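Residue-level listing of the chains:
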Amino acid sequence: QVQLVESGGGSVQAGGSLRLSCAASGRIFRVNGMAWYRQAPGKQRELVAAITRGDTTTYADSVKGRFIISRDNAKNTMYLQMNSLKPEDTAVYSCNADVQYYSGVTLSRKDAWGQGTQVTVSS
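Description of the structure in this document. (Residues numbered from 1 in each chain as written. Predicted model: local features only at pLDDT ≥ 70, side-chain atom pairs only at ≥ 80, totals over all residues. Heavy atoms only, no water.)

## Quick look at the state of the cysteines
Here is step 1: Within the structure shown, the criterion is met by one disulfide.
Here is step 2: Note that Cys22 is cross-linked by a disulfide to Cys95, the S-S spacing being 2.1 Å. For the disulfide bridge between Cys22 and Cys95, the dihedral angle about the S-S bond is near 65 degrees, and by the sign convention the bridge is right-handed. One end of the pair, Cys22, is in strand S3 (residues 18-26); the other, Cys95, is in strand S9 (residues 91-103), and 73 residues separate them in sequence.
Here is step 3: A relative accessible area of 0% means that Cys22 is categorised as buried. (Disulfide = S-S within 2.5 Å. Helix = DSSP H or I, 4+ residues; strand = E, 2+ residues; numbered from the N terminus. Buried < 20%, exposed > 50% of the residue type's maximum accessible area, 1.4 Å probe, protein only.)

Structure (structure tokens):
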């Protein structure tokens, strides 16, 4: 099967930086589009940033100019560099990926999610 594991969350003061990582593991054939989502308490989950396999990126307006999404296809890993953090960035951040993988001898596809990592920004 396929697993996505996030790392890099934590607590930081406003104006600080954090870098999140999301690593895909398993019998992977290819990781296609990847994305970061976040969900704050009492709010709906929202898309933060997305990146295609060819490195085309999309950002939520609220993070443009502050966050940078990137990926390393050789390592099946995605990153989110978060700069100039604000208290309103506080949320659980989860990674999502469109993954093609081997199940036995069959090539399958999965919309995979990580377990989430907490980011807390204090004022």
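## As for the pattern of salt bridges
If the charged atoms of two oppositely charged side chains come close together, the side chains can form a pair.
Here is step 1: Inspection of every chain in the model, using the stated rule, returns five salt bridges.
Here is step 2: The residue Arg38 makes a salt bridge to Asp89 at a minimum N-O spacing of 2.9 Å. Separated by 51 residues along the polypeptide, Arg38 in strand S4 (residues 28-39) and Asp89 in the loop between strand S8 (77-82) and S9 bring together distant segments of the chain. Comparing Arg38 with Asp89 shows no difference in burial state: the two are buried.
Here is step 3: Salt-bridge contacts for Asp98 lead to Arg109; the nearest nitrogen and oxygen are separated by 2.6 Å. One end of the pair, Asp98, is in strand S9; the other, Arg109, is in strand S10 (residues 106-113), and 11 residues separate them in sequence.
Here is step 4: Judged by its relative accessible area of 21%, Asp98 is partly exposed. (Salt bridge = Lys/Arg side-chain N within 4 Å of Asp/Glu carboxyl O.)

## Considerations on the packing of aromatic side chains
Here is step 1: Scanning the model with the defined rule gives two aromatic pairs in all.
Here is step 2: Aromatic pair Phe29 and Tyr102: ring centres 5.9 Å apart, planes at 80 degrees, arrangement edge-to-face. Here Phe29, found in strand S4, pairs with Tyr102, found in strand S9; they are 73 residues apart in sequence, far enough to count as distant.
Here is step 3: Under the relative-accessibility criterion, Tyr102 is labelled partly exposed at 33%.
Here is step 4: Aromatic pair Tyr37 and Trp113: ring centres 5.1 Å apart, planes at 50 degrees, arrangement tilted. Taken together, the residues span a long stretch of sequence, with Tyr37 in strand S4 and Trp113 in strand S10 at a distance of 76 residues.
Here is step 5: Its end group placed over the ring of Tyr79, Arg19 keeps NZ or CZ at 4.1 Å from the ring centre.
Here is step 6: Above the ring of Tyr37, the side-chain terminus of Arg45 is found at 5.6 Å from the ring centroid. (Phe/Tyr/Trp six-rings, centres within 6.5 Å; stacked < 30°, edge-to-face > 60°. Lys NZ or Arg CZ within 6 Å of the ring centre and 35° of its normal.)

Bear in mind that shape data such as this cannot, by itself, settle questions of function.
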